[in-house]
Amino acid sequence: MTTSFQLTNKNQTPSANSSPFKRYGITLALLILLSSTTLLLNGCSEYVSPYNFDNLKNEQGRFSYYEDGNLVSQTAVDVSDLQGKIDWERVSEDGIDFAMIRLGRRGYTEGNIYLDNYYYENVSGVQSEGMPFGVYFFSQVITEDEAIEEANFVIKHLSGSGISYPVVFDHEPVESADGRANNLSKNELTHITKAFCQKIEDAGYTPMIYGNAFDMERLNLNDLKGIDVWYAEYESSQPTGQFDFAMWQYSSTANVSGINTQADLSILFKPFDSVRSQ
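Before going into details, it helps to say that this report is about the structure given with it. In this text, all values refer to a predicted model and were calculated from it rather than measured experimentally. (Residues numbered from 1 in each chain as written. Predicted model: local features only at pLDDT ≥ 70, side-chain atom pairs only at ≥ 80, totals over all residues. Heavy atoms only, no water.)

## Quick look at a negative patch on the surface
This is how it is decided: Patch building starts from residues that exceed 30% relative accessible area and form no salt bridge, then joins like charges within 9 Å and nonpolar side chains (Val, Leu, Ile, Met, Phe, Trp, Tyr) within 5 Å. Here the open area of atoms and residues is found with the Shrake-Rupley method and a 1.4 Å probe, where only the protein chains shown may cover a residue. We define a salt bridge as a contact between a side-chain nitrogen of Lys or Arg and a carboxyl oxygen of Asp or Glu at a distance within 4 Å. Counted charges follow a simple rule, with Lys and Arg positive, Asp and Glu negative, and His plus the chain ends left uncounted. Taken as the charge location is NZ of Lys, CZ of Arg, CG of Asp or CD of Glu. Labels follow the DSSP assignment, with helices taken as runs of H or I lasting at least four residues and strands as runs of E lasting at least two, numbered in each case from the N terminus.
Taken together, Asp87, Glu89, Glu93 and Glu129 make up a surface patch of like negative charges. Note that Glu93 resides in the loop between helix H3 (88-92) and strand E5 (98-106).

Take a look at the structure:
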């Protein structure tokens with residue numbers, strides 16, 4: 001999953017990875033500096049991460065997190081139909097602990113909802129290997145009613161799947177000027193996100209939000225407390241997001257056995273305390 005202003009990502013037609021910060025001429029470091037400065041000027045204490053990143057190890061391009069010398073993290077790969085047919089046996093043998101599978105997407109112009117072409121095949125593949133999985137949905141909603149429509153679509157296709165990891169709401173702006181959801185206000189997007197996540201939670205699943213620092217700036221995170229974040233930041237020795245997150249997507253160009261394209265890798269810092277298998 002590439003967090004960028006691409007009309008593709010893994011959600012449309014493939015294109016090169018790019019960062020939204022490049023389009024706006026803002027570096028991630030500057031954005032973080034400005035956020036920290038704002039906190040200080042407002043008399044707020046600087047953000048302190050719940051993780052000790054001295055315990056974060058890069059082992060042959062894959063990150064692991066330790067506590068008291070014990071490995072507590074897990075490695076995830078996220079996939080969609082852009083990866084094509086996957087050999088999940090080989091994936092499971094390559095140190096991947098769980099998968100995040102794209103369930104579907106909404107078109108960025110016309111707003112139609114589509115099931116990922118490989119969703120059911122990928123679910124069957126991980127099931128055959130006994131690999132746990134979560135799902136994500138690439139959203140382009142512009143109203144709370146549409147968010148609930150998407151959540152219902154997801155819930156329908158999760159029935160009987162055996163999912164035991166989160167259901168992720170992935171709402172990103174697209175590069176095209178025709179992007180229907182590019183210009184939502186912070187309050188609008190926050191309410192939309194809350195509507196999707198609440199519907200997912202009411203159905204007995206664990207909701208999660210995906211995005212990079214720019215995407216998180218588009219949300220009122222204080223209004224979304226209790227919903228975990230899957231944070232994306234590439235080419236960094238450690239994550240620099242100034243907010244709590246449960247997962248860090250650190251690469252969009254990884255090589256994983258059994259997958260014929262480059263893939264996204266993430267680290268789940270600690271096991272989820274409560275996930276419900278359906």
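## Topic: the sheet that holds strand E2 (residues 62-67)
Where we set the bar: For two strands to count as paired, DSSP must find a minimum of two bridges between them.
Read from one edge of the open sheet, 3 strands run E1-E2-E3, paired in antiparallel fashion. Here the strands that pair on one side only, and so sit at the sheet edges, are strand E1 (56-59) and strand E3 (70-71). Both E1 and E2 contribute to a ladder of 4 bridges, which runs antiparallel. Note on E2: the bridge partner recorded for Asn58 is Phe63.

## Thoughts on the pairing of strand E4 (residues 74-79)
Short version of the rule: Think of it in three bands: residues with accessible area under 20% of the maximum for their type are buried, residues over 50% are exposed, and the middle band is partly exposed, with areas taken using a 1.4 Å probe on protein chains only.
The element E4 is extensively covered by neighbouring structure, given that 5 of its 6 residues are classed as buried. Where E4 meets strand E12 (residues 263-268), 5 bridges bridge the pair, whose relative direction is antiparallel. The residue bridging Asp78 from the neighbouring strand is Asp264, located in E12. With 4 bridges connecting them, E4 and E5 associate as parallel partners. Across the sheet, Ala76 pairs through a bridge with Phe98, a residue of E5.

## As for the environment of Asp81
The line we're drawing: Any pair of residues with heavy atoms lying within 4.5 Å of one another is described as a contacting pair. By the criterion applied in these results, polar contacts are pairs of N or O atoms within 3.5 Å in which, for protein atoms, one can donate a hydrogen and the other can accept it, and in which residues neighboring in sequence qualify only through two side-chain atoms.
Turning to its location among the elements, Asp81 is positioned in the loop between E4 and H3. Between the C-alpha atoms of Asp81 and Leu115, which are 34 residues apart in sequence, the distance is 10.0 Å. Setting aside residues no more than four positions away along its own chain, Asp81 makes contact with Arg102, Asp116, Asn117 and Tyr118. A distance of 3.2 Å separates a polar side-chain atom of Asp81 from the backbone nitrogen of Asn117.

## Here we look at the pattern of salt bridges
If the charged atoms of two oppositely charged side chains come close together, the side chains can form a pair. In this structure the tally under the stated criterion is 9 salt bridges. Measuring nitrogen to oxygen at the nearest pair gives 3.0 Å for the salt bridge that ties Glu149 to Arg106. Note that Glu149 is positioned in helix H5 (residues 144-158) and Arg106 in strand E5, a separation of 43 residues in sequence. Residue classification places Glu149 among the partly exposed residues on the basis of a relative accessible area of 41%. Classification of Arg106 as buried rests on a relative accessible area of 2%.

## Here's the deal with H5
Given 3.6 residues to a turn, an α-helix orients residues that are three or four positions apart in the same direction. Note the cut-off: Working rule for helices: expected span equals 1.5 Å times residues minus one.
With 15 residues, H5 should cover 21 Å at 1.5 Å per step; its first-to-last C-alpha distance of 21 Å lies within 8% of that length. Those residues of H5 not exposed but buried are Glu146, Ala147, Glu150, Ala151, Phe153, Val154, Ile155, His157 and Leu158. Contact partners of the buried residues in H5: E5, strand E6 (113-115), helix H4 (119-128), strand E7 (133-139), strand E8 (167-171) and helix H6 (186-202). Just downstream of H5, Gly160 is the residue with a positive phi angle, here 75 degrees.

## Let's talk about H4
This is how it is decided: Directions drawn from the helix axis to the C-beta atoms are what define this arc.
Looking at H4, one finds that the buried residues are Tyr119, Asn122, Val123, Gly125 and Val126. Along the axis of H4, the buried residues cluster in a sector spanning 160 degrees; they form a single face. Contacts made by the buried residues of H4 are with E4, H3, E5, E6, E7 and H5. A positive phi of about 65 degrees marks Gly130, the residue just after H4.

By themselves these figures say nothing about function.
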